[in-house]
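Summary of the model geometry
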Amino acid sequence: MANDTPIQIPTIPLSDGGAIPQVGTGTLFAKGNELAELLAQTIRAGYRLLDTAAQYANEGAVGEAIRRSGAPREEIFLTTKVAGMDQGRDLTRRGLAESLRRLNTDYVDLLLIHWPNPSRGLAVETWQEMLELQSEGLVKHVGVSNFLPHQLEELHSATGVWPVVNQIQLSPALARTELRAWLASKGIVTEGWRPLGGSERPMDQIITHKIANRLGVHVSQVVLRWAVQQGAVVIPSSGKPERWHSNADLFSFELTEQDMIDLATLDLGEDAAWDANTHEEW
Ligand SMILES: NC(=O)c1ccc[n+]([C@@H]2O[C@H](COP(=O)([O-])OP(=O)(O)OC[C@H]3O[C@@H](n4cnc5c(N)ncnc54)[C@H](OP(=O)(O)O)[C@@H]3O)[C@@H](O)[C@H]2O)c1
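Numbers given to residues run from 1 along each chain, matching the order in which its sequence is written. Local features in this predicted model are restricted to residues whose pLDDT is 70 or higher, and side-chain atom pairs enter the listing and the counts only when it is 80 or higher, whereas totals over whole chains, interfaces and linings include all residues. In computing side-chain properties, one takes all heavy atoms of the structure into account and sets aside hydrogens as well as water.

Description of the overall build of the protein chain
- Strands are runs of DSSP state E lasting at least two residues, helices are runs of H or I lasting at least four, and both sets are numbered from the N terminus onward. Along the protein chain, the regular secondary structure elements total 10 helices and 10 strands.
- Throughout, the radius of gyration refers to the C-alpha atoms, and the reference size of a globule is 2.2 Å times the residue count to the power 0.38. In terms of overall size, the protein chain behaves like a compact globule, its C-alpha atoms giving a radius of gyration of 18 Å where 282 residues would be expected to give roughly 19 Å.
- Across its three principal axes, the protein chain shows a C-alpha extent of roughly 55 × 40 × 30 Å.
- Three labels apply to residues, based on accessible area from a 1.4 Å probe with only protein chains included: buried if under 20% of the type maximum, exposed if over 50%, partly exposed otherwise in between. The buried share among the 282 residues of the protein chain stands at 55%.
- In this description, contact between two residues means that some pair of their heavy atoms is separated by no more than 4.5 Å. Taking contacts inside the protein chain between residues at least 6 apart in sequence as the whole, the part at least 24 apart equals 73%.
- Each accessible area is a Shrake-Rupley result for a 1.4 Å probe, and residues are judged covered by the shown protein chains and nothing else. For the protein chain, the computed accessible surface area is about 12300 Å², with 50% contributed by carbon and sulfur atoms.

Okay, structure coming up:
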């Protein structure tokens, strides 16, 4: 049964002076008109941070969802990503123009480089172009996704600017502890994709169920709270309206220090994450 109480989601600061909602929604849970309709309902329910990408081929439906929701554009925090094939000077600019056309808007709140794709060697050029697009007002904040420290260092040494966000695969099963500490030391917010853990299944573990039973919350809330309690942004996605409230209701309870120690035993280690030195997406 869907809950009618509006979802209240706090924001956390970004290093450029802005702020980002700490919980958002992914957009891979449906396609076309079904996505436009469900996502419009998600926005009406109170979600403000929407995560899409040129690569998802769903920006048209996301733009339509914003329109159907009736929410003022300035209330939405819209993220899209530069596809691998759009990396490079002019292509990044053209790629964003196409995204804006499909999204039916004249700016995005956050533009991320989707994957570093080191074999192409175009990440720095792409980053430089994104900073220009930001200065022109087409993008409010600039960040990356799936970058490792040495790849972030390259962007910084060429421009003196760190991304405000690095969106990475994150759940108690892929805790990325060292990477997150490094990001925090540079003022970069960690945003977790696949925060419910996917095939690593942190929701199915006995310890997660024990904690959820003690706190009287869903296992999904334990898994998502684990990330937000450590300062990360999460973007869980669900096509089931009855899950939207619990996926965002992460601020009315806390995990204890012992819960965090117990959940740390689920970490499969950095080797279990996709390696951005070799994994590329176009
Ligand atoms: N930057 C990147 O490289 C990258 C890569 C992958 C994804 N992403 C982004 O991250 C978003 C989230 O990742 P994701 O969709 O892969 O994974 P996710 O949000 O962690 O999990 C989605 C799955 O969990 C189920 N689910 C949602 N809420 C649940 C709940 N309360 N209890 C039990 N199951 C629940 C959904 O099924 P139902 O629909 O049936 O509820 C769906 O099967 C994506 O939509 C995308 O925007 C980014």
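Following the structure, the description resumes.
Considerations on the sheet that holds strand β6 (residues 108-113)
- Across the sheet, which stays open at both edges, the eight strands sit in the order β3-β4-β5-β6-β7-β8-β9-β10 with parallel pairing between neighbours. Sheet topology places β3 (24-26) and β10 (233-234) at the edges, where each strand pairs with a single neighbour.
- Two strands qualify as a pair provided that DSSP identifies no fewer than 2 bridges between them. Where strand β9 (residues 189-193) and β10 come together, two bridges link them in parallel fashion. Pairing of Gly192 across the sheet is with Val234, part of β10.

Remarks on the side chain of Thr27
- With respect to the helices and strands, Thr27 occurs in the loop between β3 and α1 (32-45).
- With relative accessibility at 2%, the residue Thr27 sits in the buried group.
- In this structure, Thr27 is in contact with Leu35, Leu39, Asp51, Thr52, Tyr56, Asn58, Val62 and Ser237, ignoring residues within four places of it in sequence.

Describing the packing of aromatic side chains
- Any two of the Phe, Tyr and Trp rings considered here, Trp counted by its six-membered ring, make a pair once their centres fall within 6.5 Å; the pair's planes then place it as stacked at under 30 degrees, edge-to-face at over 60, or tilted in between. For the structure on display, the rule yields three aromatic pairs.
- Judged by centre distance (5.7 Å) and plane angle (85 degrees), the rings of Trp162 and Trp182 are edge-to-face. With Trp162 in the loop between α5 (149-159) and β8 (165-169) and Trp182 in helix α6 (residues 177-185), this residue pair connects regions lying 20 residues apart in the sequence. In this structure, Trp162 and Trp182 share a single accessibility class: buried.
- Between Trp193 and Trp274, the ring centres sit 5.8 Å apart and the planes meet at 55 degrees, which makes this aromatic pair tilted. A residue pair is termed long-range when its members are at least 10 positions apart, and Trp193 in strand β9 and Trp274 in the segment after α10 (257-264) qualify at 81 residues.
- Judged by relative accessible area, which is 41%, Trp274 ranks as partly exposed.
- Connected via pairs of aromatic rings, a cluster forms that spans Trp115, Trp193 and Trp274.

Concerning the site of the ligand
- Any residue with a heavy atom positioned within 4 Å of a molecule or strand is treated as near that molecule or strand. Close to the ligand lie 25 residues, the nearest being Asp51, Arg194, Ser238, Lys240 and Arg243.
- Polar contacts here mean pairs of N or O atoms no more than 3.5 Å apart (in protein, one a potential hydrogen donor and the other a potential acceptor; neighbouring residues in sequence count only if both atoms are side-chain atoms). Between Thr27 and the ligand, the recorded distance is 3.2 Å, taken from a backbone N or O atom to an oxygen atom.
- Side-chain polar atom of Ser238 to an oxygen atom of the ligand: 2.6 Å apart, as the coordinates give it.
- Here the ligand, which alone exposes 890 Å², has 81% of that area covered by the protein.
- A breakdown of the residues in the shell around the ligand according to their chemical character gives nine nonpolar, 11 polar and five charged. Three classes are used: nonpolar for Ala, Val, Leu, Ile, Met, Phe, Trp, Tyr, Cys and Pro, charged for Asp, Glu, Lys and Arg, and polar for all others, with Gly counted as polar.

A few points about the packing of helix α4 (residues 123-135) against α5
- Every axis in this analysis is a line fitted to C-alpha atoms, fitted for helices over the stretch in contact. Angles between the N-to-C directions lie between 0 and 180 degrees. With their axes 9 Å apart at the nearest point, α4 and α5 run at an angle of 55 degrees to one another. If you check the angle between α4 and α5, you find them oblique. You can see that α4 and α5 cross each other, and the crossing is right-handed. Taking contact as the criterion, the partners of Ala123, Val124, Trp127, Gln128 and Leu131 in α4 are, on α5, Glu154, Leu155, Ala158 and Thr159.
- Partitioning the contact of α4 with α5 into residue classes produces six nonpolar, two polar and one charged. For classification purposes, an angle smaller than 35 degrees is called roughly parallel, one larger than 145 roughly antiparallel, one from 65 to 115 roughly perpendicular, and anything else oblique. Left-handed describes a crossing in which the near helix is turned anticlockwise from the far one by less than a right angle; the clockwise case is right-handed.

Looking at the side chain of Thr190
- Secondary-structure assignment places Thr190 in strand β9.
- Overall, the relative accessible area of 7% leaves Thr190 in the buried class.
- Not counting residues up to four positions away in its chain, the partners in contact with Thr190 are Asn166, Ile168, Leu170, Arg180, Leu183, Gly231, Ala232 and Val233.

Quick word on unusual backbone geometry
- Phi is positive for Arg176, which is not a glycine, with a value near 50 degrees.
- On the secondary structure map, Arg176 appears in the loop between β8 and α6.

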